[in-house]
Amino acid sequence: MSRILRFWLPLTVCAAWALFAVFGRVLPLLPDEVQLPHILVGPGMQAWLGFDDLGRPVWDRLVMGAQTSFLVAFFVITISVTIGTSIGTLSAWLGGWWDLLIVRLIDIFLAFPGILLAIAMAGILGPGINNVVIALSIVGWVGYARLARAQVLSIKERDHVAAAIALGTRPLRIMVRHLLPLIVAPLIIEATFGIAGIVIAEAGLSYLGLGVQPPQASWGSMIRDGARYMLVAPHMVLAPSVALMLIVLAVNLLGDRLRDHLDVRSAKS
Amino acid sequence: MLQLLFSRLASAFVVVLGVATLVFLLIHMVPGDPVEVMLGESAQQADRDALRHTLGLDRPLPEQLLGFYRNLLHFNLGTSLHSKRPITEVLAERLPATAELALAGMTMAVLLAFPLGVLAATRKDSAWDTGAMTASLLGVSIPNFVMGPLMILVFAVWARLLPVSGREGLLSLILPAVTLGMALAAILSRMVRASLLEVLHEDYIRTARAKGLAERVVVWRHGMRSALLPVITLLGLQLGVLLAGAVITETVFSWPGIGLLTIEAIQTRDYPVVQACVLLISTTYVVVNTLTDMVYTWLDPRIRLGGR
């Protein structure tokens, strides 16, 4: 029972999220179609999640919002993990002045509450999905850089690395072939929890009006619009809220699971 | 000890300086022309030049940065483009509201998290434990901007117990404080549980039990004292998250603090105010982190008495 609750259910939720995000475009959905007679109509025969304040079907917009959050999460994670890992690995490998400089830079970035910097960046860059990705990546790389650096520092003195150096292997090859495979597990775990954070951050930015712009849908902007009609049409705020919480909860549960599964070292020692 | 204190202060200063520089650079190096954005595309060239001159944007970047430092030393953050008032004045006006909210949110979180965490730890694997940890997982997964509207719906609109928004009297503080404190309470209760569980296996706890002390005394006086250290660190670290969360919470409840000011400034393209707000919140965060670090050092006899 608990295995179903803790693993299969969250996995299904995440898979559904990804599928709707990727194949949402080919589904016969009409997220932008305004049907004036249906304004604020609740769940019923015509639409199982009802209509919003402009008479657009909430379910169709929810799927569109899934695309937004999935796209943003995918790109931000890819960019931050790549940049962060490269910088962190290089910093630990090179050592000396470079390392000192990068550690200082990391300290300074960590001195900002992450979402605050993202809000300011998104506000200055202006709205739009690209700028959301940029703003969240500017904030996001730091954690992975710190983690990768710490990991590389702990393994770079190992014998197999010394052997690779002795054989005259080029530094880039050492980093990719001999260091990266050993530090990848904690990075994957961190990235999994990172997805939950990014989904919330994207919705937060959109809630503040700094994310994607209408008619593009985001769960955050749907919640903001829905909050105005809370008394007459609670489904408008409930549907995106539940979707958001489900995804975040599912990702967090999967992250827990992954951590238990991948954390082989702590189990052995 | 004194040496440690100075090195901490020095490194905090370097970080604050770095934060200020970064905020300045990020705002000034963003692609696109802030003047263009502020005045719109149809503005006259003369107006643009005038604004650029007022903002000092016509000078080279290093010179602007030096001027920025010089002004910071004098606590001069510039003038708001929107209200034409000195920014320090505007900030001072908004600061009490945010301080009040953050303090209330933190108090809320501590009052909720400690009993919950202790309950979960002392009855590990019981229904209490599962319940408390499920609640905390939910608490982490519900963002402010979902929690806020739901709270308004239930307590202000349906039950009519509390005001919907604004800052008038103590009653209006309750909903924003609960909304802001919820996520912190969730994280904190997990930490209390984990760190208490670790401590409860120690020998001195067994000794305390063996000499017949009441379980309540064992847990709260002997256990919590050691378990508190990591919890305090977390509390300090989480203040930054709390302050950042205040930006959204204040927007949800129209709470007139620094967070709402940041959003208003972004909406009116008042970049100097955005810069000042980010700077203020981040600096507060660095200062609190440094203080936490010091308190931690002072509280932990292993660090205080050990070393040199």
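Predicted, not measured: the structure shown is a model, and the values here were computed from it. (Residues numbered from 1 in each chain as written. Chains lettered and ligands numbered in written order. Predicted model: local features only at pLDDT ≥ 70, side-chain atom pairs only at ≥ 80, totals over all residues. Heavy atoms only, no water.)

Q: Would you mind going over the overall build of chain A with me for this structure?
A: Within chain A one finds 10 helices and 0 strands. Its helices and strands taken in sequence order, chain A reads α-α-α-α-α-α-α-α-α-α from the N to the C terminus. Projected onto its principal axes, the C-alpha positions of chain A cover 75 × 50 × 30 Å. Taken over 269 residues, chain A has a buried fraction of 49%. Long-range pairs, those at least 24 residues apart, make up 72% of the contacts in chain A with a sequence separation of at least 6. (Helix = DSSP H or I, 4+ residues; strand = E, 2+ residues; numbered from the N terminus. Buried < 20%, exposed > 50% of the residue type's maximum accessible area, 1.4 Å probe, protein only. Contact = heavy atoms within 4.5 Å.)

Q: Please clarify how the packing of helix 10 (residues 215–253) of chain B against helix 12 (residues 271–299) of chain B should be interpreted in this entry.
A: For any two helices packed against each other, the geometry is given by the interaxial angle and the distance between the axes. Residues and elements named next belong to chain B. Between helix 10 and helix 12, the shortest axis-to-axis distance is 9 Å and the interhelical angle comes to 175°. The angle between helix 10 and helix 12 falls in the class roughly antiparallel. Together, Leu 229, Pro 230, Ile 232, Thr 233, Gly 236, Leu 237, Leu 239, Gly 240 and Leu 243 of helix 10 and Ile 281, Thr 284, Tyr 285, Val 288, Asn 289, Thr 292, Tyr 296 and Leu 299 of helix 12 make up the contact between the two elements. Residue classes in the contact of helix 10 with helix 12 are distributed as 11 nonpolar, 6 polar and no charged. (Axes fitted to C-alpha atoms, helices over the stretch in contact; angles between N-to-C directions. Parallel < 35°, antiparallel > 145°, perpendicular 65-115°, else oblique. Nonpolar A, V, L, I, M, F, W, Y, C, P; charged D, E, K, R; others polar.)

Q: So what exactly am I meant to see when it comes to the interface of chain A and chain B here?
A: By a widespread convention, an interface's size corresponds to the accessible area lost as its parts come together. Every contact between the two is made by 35 residues of chain A and, on the other side, 43 residues of chain B. The junction of chain A with chain B conceals about 3,400 Å² of combined surface from both sides, 85% of it contributed by carbon and sulfur atoms. Among the residues chain A hides against chain B, the three largest losses belong to Leu116(A), Ile124(A) and Met230(A). Together they make up 17% of the total. The tally of links from chain A across to chain B stands at 0 residue pairs in polar contact (both at pLDDT 80 or more). (Buried area = accessible area lost by both parts, 1.4 Å probe. Polar contact = N/O pair within 3.5 Å; in protein donor to acceptor, adjacent residues only side chain to side chain.)

Q: Could you clarify how one ought to interpret the pattern of salt bridges in this entry?
A: Tallied over the full model, the rule gives 16 salt bridges over all chains. Asp99(A) is the partner of Arg149(A) in a salt bridge, and the nearest nitrogen-oxygen pair spans 2.7 Å. Linking Arg149(A) in helix 5 (residues 129–155) with Asp99(A) in helix 3 (residues 96–110), this pair joins segments that are 50 residues apart in sequence. Each member of the pair, Arg149(A) as well as Asp99(A), carries the same accessibility label: buried. Its salt-bridge partner being Glu100(B), residue Arg167(B) comes within 2.7 Å of it at the nearest N-O pair. Separated by 67 residues along the polypeptide, Arg167(B) in the loop between helix 7 (144–158) and helix 8 (171–199) and Glu100(B) in helix 5 (residues 87–122) bring together distant segments of the chain. Overall, the relative accessible area of 30% leaves Glu100(B) in the partly exposed class. Through salt bridges with shared partners, a single ionic network connects Asp52(A), Arg56(A) and Arg61(A). (Salt bridge = Lys/Arg side-chain N within 4 Å of Asp/Glu carboxyl O.)

Q: I'm lost on helix 8 (residues 219–228) of chain A in this one. Help?
A: A turn of α-helix holds 3.6 residues, and therefore any two residues three or four places apart point the same way. Within helix 8 of chain A the residues assigned to the buried category are Trp219(A), Gly220(A), Ser221(A), Met222(A), Ile223(A) and Gly226(A). Where helix 8 of chain A is buried, its residues contact helix 1 (2–23), helix 2 (58–94), helix 7 (171–207) and helix 9 (235–262) of chain A together with helix 7 of chain B.

Q: Is there a simple way to think about the nonpolar core in this case?
A: Judged by nonpolar contacts, the single largest core of 152 residues is most densely connected at Leu136(A), Trp219(A) and Phe145(B). With 16 residues, helix 10 of chain B is the largest single contributor of residues to this core. Domain assignment of the residues forming this core places at least three in each of domain 1 (2–73) and domain 2 (94–307) of chain B. Once residues within four sequence positions are removed from consideration, Phe145(B) is found in contact with Ile200(A), Ala203(A), Gly204(A), Tyr207(A), Ile223(A), Leu244(A), Ile248(B) and Val252(B). (Core = buried A, V, L, I, M, F, W, Y, C linked by side-chain atoms within 4.5 Å. Domains from an automatic or database assignment.)

Q: What is the right way to read helix 10 of chain B from this model?
A: Residue and element names in this part refer to chain B. Look at helix 10: only 43 Å from first C-alpha to last across 39 residues, short of the 57 Å you get at 1.5 Å a residue. In the structure, helix 10 departs most strongly from a straight axis at Met 224, where the bend amounts to approximately 55°. A positive phi of about 50° marks Ser 254, the residue just after helix 10. (Expected span 1.5 Å × (residues − 1). Bend = angle between axes of the 7 residues up to and from the residue.)

Q: Would you take a moment to explain the packing of aromatic side chains for this structure?
A: Any pair of aromatic rings gets described here by the distance separating the centres and the angle formed by the planes. All names here are of chain A. Here the structure, examined in full by the defined rule, presents 8 aromatic pairs over all chains. Summarising the aromatic geometry, the rings of Phe 7 and Trp 8 are spaced 4.9 Å apart at their centres and angled 70° between planes, so their arrangement reads as edge-to-face. We note Arg 257 situated over the ring of Phe 7; from NZ or CZ to the ring centre the distance is 5.0 Å. (Phe/Tyr/Trp six-rings, centres within 6.5 Å; stacked < 30°, edge-to-face > 60°. Lys NZ or Arg CZ within 6 Å of the ring centre and 35° of its normal.)

Q: What's the story with the environment of Asp49(B) in this structure? I'm lost.
A: In this fold, Asp49(B) is placed in helix 3 (residues 45–55). When the C-alpha atoms of Asp49(B) and Ala97(B) are compared, they prove to be 37 Å apart, with 48 residues separating the residues in sequence.

Q: Teacher, can you tell me more about the domain arrangement of chain B here?
A: Residues and elements named next belong to chain B. Segmenting chain B into domains produces domain 1 (2–73) and domain 2 (94–307). Placing a centre on the C-alpha atoms of domain 1 and another on those of domain 2 gives a separation of 33 Å. On the side of domain 2, 13 residues touch domain 1, which itself brings 19 residues to the contact. Carbon and sulfur atoms supply 83% of the area that domain 1 and domain 2 bury against each other, a total of about 1,400 Å² over both sides. Counting across the interface, domain 1 meets domain 2 through 1 salt bridge. For Arg 8, the salt bridge is made with Asp 293, and the minimal N-O distance between the two is 3.0 Å.

Q: What am I meant to see in the side chain of Ser80(A) here?
A: All names here are of chain A. Relative to the elements of secondary structure, Ser 80 occurs in helix 2. On the accessibility criterion, Ser 80 (2% relative accessible area) is buried. The residues contacting Ser 80, other than those within four sequence positions of it, are Thr 85, Ser 137, Gly 140, Trp 141 and Tyr 144.

Q: When you look at unusual backbone geometry in this model, what are you seeing that I'm missing?
A: The bulk of non-glycine residues show a negative phi, and the bulk of peptide bonds are trans. The step from Pro214(A) to Pro215(A) runs through a cis peptide bond, and the omega angle for that step is 5°. Within the fold, Pro215(A) resides in the loop between helix 7 and helix 8. Although it is not a glycine, Arg160(B) sits at a positive phi angle of roughly 55°. Note that Arg160(B) resides in the loop between helix 7 and helix 8.

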